[in-house]
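Structure assessment
If you want the building blocks of each chain, they are given just below.
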Amino acid sequence: MAQLAHKIEKYLEANSINSVDFESDVLLQDDGSGPYIKEWNIDSVTKPTDEQIASYDTAADLEERQNAVRATRKKAYGSIEDQLDMQYKDKLNGTTTWDDHVASVKSANPIPTE
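Residues numbered from 1 in each chain as written. Predicted model: local features only at pLDDT ≥ 70, side-chain atom pairs only at ≥ 80, totals over all residues. Heavy atoms only, no water.

A few words on the overall build of the protein chain. Each helix and strand in the protein chain was counted, giving 5 helices and 2 strands. Secondary structure elements of the protein chain, listed N to C terminal, follow the sequence α-β-β-α-α-α-α. Computed over C-alpha atoms, the radius of gyration of the protein chain comes to 20 Å, more than 25% over the 13 Å expected from 2.2 N^0.38 for 114 residues, which places it beyond the range of a compact globule. Expressed along its principal axes, the backbone C-alpha trace of the protein chain runs to roughly 60 × 30 × 25 Å. Here the protein chain holds 114 residues, and 28% of them are scored as buried. Within the protein chain, contacts between residues separated by at least 24 positions form 58% of all contacts whose residues are at least 6 apart in sequence. Carbon and sulfur atoms make up 49% of the accessible area of the protein chain, which amounts to about 7,900 Å² in all. (Helix = DSSP H or I, 4+ residues; strand = E, 2+ residues; numbered from the N terminus. Rg over C-alpha atoms; globule rule 2.2 N^0.38 Å. Buried < 20%, exposed > 50% of the residue type's maximum accessible area, 1.4 Å probe, protein only. Contact = heavy atoms within 4.5 Å. Areas by Shrake-Rupley, 256 points an atom, 1.4 Å probe, with all protein chains shown as cover.)

In structure tokens, the structure reads:
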């Protein structure tokens, strides 16, 4: 299940709002029984119902999982400096170390599509 903030972002994107400040626009709170919208300060879009928010769970969950894989890939790729060094050595030696490394990282960490 996706985080409430992410579902709210998806709801707002669907209503042509591309950024939200969770310190002034929308305040969330969790009193121990789960997060909820404590305060809604976006006049141009109606505060969503629980059902409306729930309808964005699938899309938000997919995006969260995709972002987790992207973060894993970024770490596995190594630094830009190391990658440039691999490319330089490949060019000098006629090897494919960097290409193989990138393919291996992508293969080991596929980005979910559903």
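Text resumes after the structure shown.
Counted according to the given criterion, the structure contains 2 aromatic pairs. Where Y11 meets W40, the ring centres are 6.2 Å apart and the plane angle is 65 degrees; that geometry is what we call edge-to-face. Placement of Y11 in helix α1 (residues 4–14) and of W40 in strand β2 (residues 35–40) is noted, with a sequence separation of 29 residues between them. Its relative accessible area of 5% is what places Y11 among the buried residues. On the basis of relative accessible area, W40 is assigned to the buried category, the value being 15%. Judged by centre distance (6.0 Å) and plane angle (80 degrees), the rings of Y11 and Y56 are edge-to-face. Of this pair, Y11 sits in helix α1 while Y56 sits in the loop between α2 (50–54) and α3 (57–77), and the two are 45 residues apart along the sequence. According to the relative accessible area criterion, Y56 is partly exposed, its value standing at 21%. (Phe/Tyr/Trp six-rings, centres within 6.5 Å; stacked < 30°, edge-to-face > 60°.)

Looking now at the environment of P35. With respect to the helices and strands, the residue P35 is situated in strand β2. A sequence separation of 32 residues divides P35 from Q3, and the C-alpha atoms of the two residues are 8.8 Å apart.

Attention now moves to the nonpolar core. Buried together is how nonpolar side chains tend to be arranged in soluble globular proteins. Counting residues in hydrophobic clusters, the biggest one holds 12 residues: L4, I8, Y11, L12, I17, V20, V26, I37, W40, I42, V45 and I53. Contributions of two or more residues to this core are made by α1 and β2. Of all the elements, α1 adds the most residues to this core, at 4 residues. Those residues in contact with V45, other than ones at most four positions away along the chain, are Y11, L12, N15, I17 and W40. (Core = buried A, V, L, I, M, F, W, Y, C linked by side-chain atoms within 4.5 Å.)

Before going further, it helps to examine the side chain of K7. As for its position among the elements, K7 is in helix α1. Not counting residues up to four positions away in its chain, the partners in contact with K7 are M1, A2, I53, Y56, D57 and A60.

What follows covers the pairing of strand β1 (residues 26–30). With 5 bridges connecting them, β1 and β2 associate as antiparallel partners. Among the inter-strand pairings, L28 is bridged to a residue of β2, identified as I37. Taken together, β1 and the strand that follows it, β2, pair antiparallel across an intervening segment of 4 residues, in which G32 is found at a positive phi of about 110 degrees. (Pairing = 2+ DSSP bridges.)

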